[in-house]
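Architecture and fold: a report
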Amino acid sequence: MFNTAEKLFQNDKVKNLLNNYAEKYDTTDFIKDDPVQFVHLYQKPENIEIAGFIASMFAYGKRELFIRQLKTFLTKDKDLNEFIKDFDENDEILKNFNYRFSKGVDFIQILKILQKLQGEKESLKSLFKYHYEQTHDIIKMLSGITEYFYSNVKMDITQGFYHLLPNPKKGGAIKRMNMMLRWFVRKSPVDVGIWDFIDKSELIIPLDVHVGNISRKIGLLTRKNNDMKSAMEITKNLRILDKNDPTKYDFALFGLGVNGVELTIKKNVQ
């Protein structure tokens, strides 16, 4: 018995459209208007990791606003690893690093925890790898990461700290962390592929309102909520198209939205 997505993908027009959009948007032209641009500023893996971690945390709200804010901190001439090693929590610029729900004190606390991690001769890669190797499960790995940060809070913070680092145990889609994992695990013109301990076949689609709406229109998603269960449903269905690299279709869903393509499941599976 075919499920909805399997019926959908029996239609060559739909399969070709998704594959064409995935190929069309996974190009260097995509980088300049996307938060992944900050990952491409750096050459050293440790700087790429820090840039991607910070950029993904703040990637919510209006794109032009959070990119403008990130550009005040993530600059090409800054060695992020060295900055974290020596930074002063009383830095007035950092204190004023406010964006929507998050305040400067929340950002400073994250940097302090990264500084602690660095002092332990560890890195973001080693932290993620440790938690992944405990369970070989992406969601449990992300839970372990957030719990590490929560347990190392040593100063007064706001709820904005937890918005930057939401815990998967609450059931949210964890869109920004999944986006960061796509950057670090996949190797393509857009994604840098610097982490080799996770296979790209295991990645989960970064799900936001836009991706959820498009996915429902074309039959990839039946659930109403944009949560982790929905992200897993979309990813499972995209694996029908490419079991080895399902999140490449993140670019296809973006392209469908940009181009206003209207596909209905009724037209494609009857």
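**Looking at the layout of surface pockets**
The space that makes up the largest pocket amounts to roughly 840 Å³. Forming the walls of the largest pocket are 36 residues, and the residues nearest its centre are Ala59, Lys175, Arg176, Leu207 and Asp208. Every element with two or more residues in the lining of the largest pocket is listed here: α3 (45-57), α4 (63-70), α10 (160-164), α11 (175-185), α12 (209-218) and α14 (249-258). Split into classes, the residues belonging to the lining of the largest pocket amount to 21 nonpolar, seven polar and eight charged. There is about 200 Å³ of room inside the second largest pocket. Taken together, 13 residues line the second largest pocket, and the ones lying closest to its centre are Asn81, Leu114, Gln118, Glu122 and Ser123. When contributions to the lining of the second largest pocket are tallied by element, the ones reaching two or more residues are α3, α5 (80-86) and α7 (104-119). The element best represented in the lining of the second largest pocket is α7, accounting for four residues. Considering only residue class, the lining of the second largest pocket consists of five nonpolar, four polar and four charged.

**Brief notes about the confidence of the model for the protein**
For the protein, the average pLDDT comes to 91, and 95% of its residues sit at 70 or higher. Within the protein, helix α15 (residues 265-269) has the poorest average pLDDT of any element, 41, and α11 the best, 98. Considering only residues more than four positions removed or in separate chains, one finds that residues 262-270, a stretch of pLDDT under 50, has 18 contacts.

**Overview of the packing of helix α2 (residues 12-25) against α14**
Running from N to C, α2 and α14 cross one another at 95 degrees; their axes reach a closest spacing of 7 Å. The pairing of α2 with α14 is recorded here as roughly perpendicular in orientation. Seen from α2, the contacting residues are Leu17, Leu18, Asn19, Tyr21, Ala22 and Tyr25; seen from α14, they are Tyr249, Phe251, Ala252, Phe254, Gly255, Leu256 and Val258. In terms of residue class, the contact of α2 with α14 is made up of eleven nonpolar, two polar and no charged.

**Let's talk about unusual backbone geometry**
Residue Lys121 is not a glycine yet carries a positive backbone phi of 65 degrees. Residue classification places Lys121 among the exposed residues on the basis of a relative accessible area of 75%. You will see that Ile174, though not glycine, has its phi angle at about 50 degrees, which is positive. Tracing the chain through its elements places Ile174 in the loop between α10 and α11. Assessed through its relative accessible area of 7%, Ile174 is described here as buried.

What counts, and where the lines are drawn
- Residues numbered from 1 in each chain as written.
- Predicted model: local features only at pLDDT ≥ 70, side-chain atom pairs only at ≥ 80, totals over all residues.
- Heavy atoms only, no water.
- 1 Å grid on protein atoms, 1.4 Å probe; cavity = no way out; pocket = protein on both sides within 12 Å on 5 of 7 lines; lining within 4 Å.
- Points joined across faces, edges and corners; volume = space filled by probe spheres on them.
- Helix = DSSP H or I, 4+ residues; strand = E, 2+ residues; numbered from the N terminus.
- Nonpolar A, V, L, I, M, F, W, Y, C, P; charged D, E, K, R; others polar.
- pLDDT = per-residue confidence, 0-100.
- Contact = heavy atoms within 4.5 Å.
- Axes fitted to C-alpha atoms, helices over the stretch in contact; angles between N-to-C directions.
- Parallel < 35°, antiparallel > 145°, perpendicular 65-115°, else oblique.
- Buried < 20%, exposed > 50% of the residue type's maximum accessible area, 1.4 Å probe, protein only.

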